[in-house]
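Each chain, written out:
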Amino acid sequence: MENAVLMDEVCLTIPMDHDMELVAAKTGSVLAELNHFNEEQIEEIQYAIIETCINAFEHSQSEDRKVYIIYIRRADELECKITDNGVGFTPEDQHNSISQRQGIHSDMRKRGWGLEITKTLMDEFDIESGENGTTVSFIKKVTS
């Protein structure tokens, strides 16, 4: 995922507490503004950070109850790596979660699409997960 010259790297650790995902999103927003992302792109970055952090809060079962975020700002892109030290998951777990939504009430079916939506909003997207935790990485490129 590394293809441009590194300009800045910012590391942030947040507790898994109410609204702390907003701190992570605001940090991403400031870095995106420095890279001259447009307003829509900044909102997409914020959405991706918020959804990924909330997923970690709700599903990781992390004993340290922390999320670790690395923001990597390059001349033409912003990369975010969001990590928890939780139980991890397999692609089958994610597939089963999606297929289980088919038989539930339509209001409840709206939940659980955060990572899928994030995948479509970002230019690059990757998940690494195992018994020691999960890292979701994504890159958004600056476009005019």
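Everything discussed here concerns the structure shown above.
Thresholds applied
Residues numbered from 1 in each chain as written. Predicted model: local features only at pLDDT ≥ 70, side-chain atom pairs only at ≥ 80, totals over all residues. Heavy atoms only, no water. Helix = DSSP H or I, 4+ residues; strand = E, 2+ residues; numbered from the N terminus. Buried < 20%, exposed > 50% of the residue type's maximum accessible area, 1.4 Å probe, protein only. Contact = heavy atoms within 4.5 Å. Areas by Shrake-Rupley, 256 points an atom, 1.4 Å probe, with all protein chains shown as cover. Pairing = 2+ DSSP bridges. Axes fitted to C-alpha atoms, helices over the stretch in contact; angles between N-to-C directions. Core = buried A, V, L, I, M, F, W, Y, C linked by side-chain atoms within 4.5 Å. Polar contact = N/O pair within 3.5 Å; in protein donor to acceptor, adjacent residues only side chain to side chain. Expected span 1.5 Å × (residues − 1).

Some thoughts on the overall build of the protein
- Helix and strand counts for the protein come out as five helices and five strands.
- When the elements of the protein are put in sequence order from the N terminus, they spell out β-α-α-β-β-α-α-α-β-β.
- Expressed as a percentage of its 144 residues, the buried residues of the protein come to 36%.
- Put simply, of all contacts in the protein between residues at least 6 apart along the chain, 69% involve residues at least 24 apart.
- In the form shown here, the protein has an accessible surface area of approximately 8,200 Å², with 50% of it arising from carbon and sulfur atoms.

Quick notes on the sheet that holds strand 2 (residues 66-74)
- Read across the sheet, five strands follow the order 1-2-3-5-4 without closing on themselves; strand pairing throughout is antiparallel. Two strands close off the open sheet at either side, each with one partner strand: strand 1 (6-15) and strand 4 (124-130). The average undirected angle you get between the axes of adjacent strands in this sheet is 10°.
- As judged from the nine bridges shared by strand 1 and strand 2, these two strands associate in the antiparallel manner. Among the inter-strand pairings, Cys11 is bridged to a residue of strand 2, identified as Ile70.
- Contacting strand 1, strand 2 and strand 3 (77-84), helix 1 (residues 20-34) runs over the sheet at an angle of about 170° to strand 1.
- Of the strands in this sheet, strand 1, strand 2, strand 3 and strand 5 (133-141) touch helix 2 (residues 39-59), which is tilted by about 175° from strand 5.

Details of the nonpolar core
- Counting residues in hydrophobic clusters, the biggest one holds 25 residues, and the most contacted among them are Ile49, Cys53, Val67, Ile69, Tyr71, Leu78 and Phe138.
- Put simply, the parts of the chain that give this core at least two residues each are helix 1, helix 2, strand 2, strand 3 and strand 5.
- Per-element tally for this core: the top contributor is helix 2, with seven residues.

A word on the side chain of Arg74
- Along the chain, Arg74 turns up in strand 2.
- A distance of 2.8 Å separates polar atoms of two side chains, one belonging to Arg74 and the other to Glu77.

Topic: the pairing of strand 2
- As defined by bridge partners, strand 2 adjoins strand 3 across eight bridges and the pair is classed as antiparallel. Note that in strand 3 the partner of Arg73 across the bridge is Leu78.
- Here strand 2 hands over to strand 3 after two residues, the two strands then running antiparallel side by side.

Some words on helix 2
- In this model, helix 2 (21 residues) spans 30 Å end to end at C-alpha, consistent with the 30 Å of a helix rising 1.5 Å per residue.
- Every buried residue belonging to helix 2 is among Gln41, Ile42, Glu44, Ile45, Ala48, Ile49, Thr52, Cys53, Ala56 and Phe57, and all of these are buried.
- Where helix 2 is buried, its residues meet strand 1, helix 1, strand 2, strand 3, helix 5 (114-121) and strand 5.
- Looking one or two places after helix 2, you find Gln61, whose phi comes out positive at around 55°.

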